[in-house]
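# Structural overview
Here are the chains, one letter per residue:
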Amino acid sequence: MPIQIYNTLTGKKEPLETVEPGRVKMYSCGPTVYDYFHVGNARAFVVPDVIKRYLRDRGYQVLHVQNVTDIDDKIIQRAQSLGVSVDEVVDRYTRAYLEDLLRLGCEMPTVLPRARDHVGPMIDLIRVLFDNGLAYAAGGDVYFSVERFPRYGQLSRQEVSQLEAGARVEASAHKRHPADFVLWKAAKPGEPWWESPWGRGRPGWHLECSAMSMAYLGERFDIHTGGADLIFPHHENEIAQSEGAVGHPVVTYWVHNGYINVDGEKMSKSLGNFWLFRDVADRWGAPVVRALLLSKHYRTPIDFTEEALEAQARGLERLYRTVGDLARRLHPDAPQLSSEAAAAGPAEQALERVLQEKEAAFHEAMEDDFNTAMALARLFELAREVNRYLTEAEPAPQPGPQPTLHRAYRLLIRLGGILGLRLDEPLHSRADDGELLVPLVDLILEVRQQVRSERRFDLADQIRDRLKALGIQVEDTREGARWILSDASR
RNA sequence: GGCGGCAUAGCCAAGUGGCUAAGGCGGGGGUCUGCAAAACCCCUAUUCCCCGGUUCGAAUCCGGGUGCCGCCUCCA
């Protein structure tokens, strides 16, 4: 079945048809580097990352461009309030962005263009817009004339006349029409500037995405992503600039993710109700944040709460634990299934069937507009089926091959990987996870096992309780004790 | 004033014309276990905000209502 994508431009799900066969070109609006990013921003990074991973799994080669906005009024303000240079703000938060992006489990985009490195192409673009009669200079600024671009409003379903009537359009003495937007902004004293045919200044915010997307992806590309708050005016203006320059549609599918809410209201910098991703990741673990972002369909708003994080953490623990159990069974040193049982007993055949079923269902979910909520549900079902096999159907441990369990393990890892969840890595990790931790805990548990074999259970329990208080959860199983890092507060 | 979205169990959430309304968390009962934890099993929505309509059949389509949210200004 072809992949279905919801297109904001048409308001419908459409089958994916790429400009070039087998190749997807995707542009995503990245961060403005003036602060650490919050969970709302994180969603806008995770969504294209999952789209990319899924498309690649389906055999597409994906070229992904995600910009870094390093020219912006907010950066200038931030530099002033911190009393440091603009360059320093840009440097600091670009670094932090990349760090947090990787921690979120996102792959590096193929290209990460910075606005500062593309002022030349932006100026060229303004020239073309002048040539096409869509731009005008006024008071040192250059504006885009929305009245000269008949298709203005197509993405957000706004009419230019209605925009005029609305109370919230930015007024400016220089604008011919209230909805006109700035392409080039004259520099005030003390602000960063670039030379241009219209004097010293800097490009308008919307311009960079037009210039850089076309620079790396060409005049026609497939997918453009961003948060729903960018539909108007950012993406509307981007369409006006790009189409106004080349004379035809540039982007096929416009994909917008829903907001992250706090107490029913949009999480945003201006409201001050934001949670920085790095803070939440410190406390709950980055995978928990990522899974929560994927637990609802990408277009639906998510209310971000402690309760939701808690529920997500508990669910994920089961998933990770299942994979950990499988890994232990499959370890060369571990006691293994007898060969006759592993060969093709009814239990193995049943499990094989389940693996196929769940894999197909996972794909069915993902190809329907990247329904990660449903895909995640199939992953949970897979884990339960594997656990059921492990607890009910497993015969006495003996050496022998276990192809079904190997397949189960690989499938979980692969499907988890499409969602960007590394199920084979620890769910909780800490800054102080040194080389020492693992052998040290193993040593303690070895001694505790000795104590248990002497049936001194009160002492054994005390060790377990004390470790739990340190965030190390010990579980005794038939094959001995196992342990995971968990949140010490729970 | 214009444009758009949402309303499904105690909580979160998938499902957009027809099989038993996914899945997660929580709760109850059980199996296993020195205990605990984990895991597994069973139970936890006769019904999808309300009222009409279309249809053999609707959570799903149409009309009306109520409530909440968003965009129209920087915002992911």
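Residues numbered from 1 in each chain as written. Chains lettered and ligands numbered in written order. Predicted model: local features only at pLDDT ≥ 70, side-chain atom pairs only at ≥ 80, totals over all residues. Heavy atoms only, no water.

## What about the overall build of chain A?
- What chain A contains, in helices and strands, is 16 helices and 15 strands.
- For the C-alpha atoms alone, the extent of chain A along its principal axes is close to 90 × 50 × 35 Å.
- A buried classification covers 52% of the 490 residues belonging to chain A.
- Nonlocal contacts in chain A, meaning residues at least 24 apart in sequence, comprise 76% of its contacts between residues at least 6 apart.
- In the form shown here, chain A has an accessible surface area of approximately 22,400 Å², with 51% of it arising from carbon and sulfur atoms.
- Chain A carries 60 positive and 72 negative side-chain charges, and their two centres are separated by 1 Å. (Helix = DSSP H or I, 4+ residues; strand = E, 2+ residues; numbered from the N terminus. Buried < 20%, exposed > 50% of the residue type's maximum accessible area, 1.4 Å probe, protein only. Contact = heavy atoms within 4.5 Å. Areas by Shrake-Rupley, 256 points an atom, 1.4 Å probe, with all protein chains shown as cover. Lys, Arg positive; Asp, Glu negative; His and termini not counted. Charge placed at Lys NZ, Arg CZ, Asp CG, Glu CD.)

## Some thoughts on the sheet that holds strand β11 (residues 260-262)
- With respect to topology, three strands assemble into an open sheet ordered β12-β11-β13, the strand pairing being mixed. For this open sheet the edge positions go to β12 (265-266) and β13 (302-303), each flanked by a neighbour on one side alone.
- In the sheet, β11 pairs with β13 via two bridges, with the strands oriented parallel. Opposite Ile260, over in β13, you have Ile302 as the bridge partner. (Pairing = 2+ DSSP bridges.)

## Some words on the packing of aromatic side chains
- Considering all chains together, one arrives at 14 aromatic pairs under this definition.
- Pairing Tyr152 with Phe232 gives two aromatic rings, centres 6.5 Å apart and planes at 75°, and the pair type is edge-to-face. Linking Tyr152 in the loop between β6 (141-144) and α5 (160-165) with Phe232 in helix α7 (residues 231-246), this pair joins segments that are 80 residues apart in sequence.
- Judged by its relative accessible area of 30%, Phe232 is partly exposed.
- Ring pairs connect the aromatic residues Phe144, Phe149, Tyr152, Phe181 and Phe232, which therefore count as one cluster.
- Directly above the ring of Trp193 sits Arg200, whose terminal nitrogen or CZ lies 3.8 Å from the centroid.
- If you follow Lys269 out to its NZ or CZ, it ends over the ring of Tyr34, 4.9 Å from the centre. (Phe/Tyr/Trp six-rings, centres within 6.5 Å; stacked < 30°, edge-to-face > 60°. Lys NZ or Arg CZ within 6 Å of the ring centre and 35° of its normal.)

## Let's talk about the nonpolar core
- By size, the foremost hydrophobic cluster in this structure holds 85 residues, and its most contacted members are Leu55, Ile223, Phe304, Leu379 and Leu419.
- Split by domain, the residues of this core number at least three in each of domain 1 (4-257) and domain 2 (305-418).
- Residue contacts for Phe304: discarding those within four places in its chain leaves Val39, Ile260, Asn261, Met267, Trp275, Val280, Val289, Leu292 and Leu309.
- Of all hydrophobic cores here, the second largest spans 42 residues; its members include Leu63, Phe144, Val160 and Val250. (Core = buried A, V, L, I, M, F, W, Y, C linked by side-chain atoms within 4.5 Å. Domains from an automatic or database assignment.)

## Some remarks on the domain arrangement of chain A
- When cut into domains, chain A gives domain 1 (4-257), domain 2 (305-418) and domain 3 (437-485).
- Each side of the interface is counted separately: domain 2 has four residues, and domain 3 has five residues.
- Note on domain 2 versus domain 3: buried area summed over both sides is about 470 Å², and carbon and sulfur give 40% of it.
- The interface formed by domain 2 and domain 3 includes two salt bridges.
- With a closest N to O distance of 2.6 Å, Arg321 and Glu475 form a salt bridge.
- At the surface where domain 2 touches domain 3, the tally comes to two residue pairs in polar contact (both at pLDDT 80 or more).
- Of the residues belonging to the side of domain 2 that touches domain 3, the class tally is no nonpolar, no polar and four charged. (Buried area = accessible area lost by both parts, 1.4 Å probe. Salt bridge = Lys/Arg side-chain N within 4 Å of Asp/Glu carboxyl O. Polar contact = N/O pair within 3.5 Å; in protein donor to acceptor, adjacent residues only side chain to side chain. Nonpolar A, V, L, I, M, F, W, Y, C, P; charged D, E, K, R; others polar.)

## A short note on a nonpolar patch on the surface
- There is a patch of nonpolar side chains on the surface, built from Leu436, Leu440, Leu443, Ile444 and Val447 and spanning about 440 Å² of accessible area.
- You can see Leu440 is positioned in helix α15 (residues 437-453). (Patch = residues over 30% accessible without salt bridge, like charges linked within 9 Å, V, L, I, M, F, W, Y side chains within 5 Å.)

## Points about the side chain of Thr322
- Tracing the chain through its elements places Thr322 in helix α10 (residues 306-330).
- For Thr322, a relative accessible area of 1% puts it in the buried group.
- Within the local environment of Thr322, its side chain forms a polar contact with the side chain of Asn387, the two groups lying 2.9 Å apart.
- Setting aside chain neighbours within four positions, we find Thr322 in contact with Ala383, Val386, Asn387 and Leu412.

## Things to note about the confidence of the model for chain A
- Taken over all residues, the pLDDT of chain A has a mean of 90, while the share at 70 or more is 91%.
- A low-confidence stretch, residues 337-342 (pLDDT under 50), is modelled with 21 contacts involving residues beyond four sequence positions or located in other chains. (pLDDT = per-residue confidence, 0-100.)

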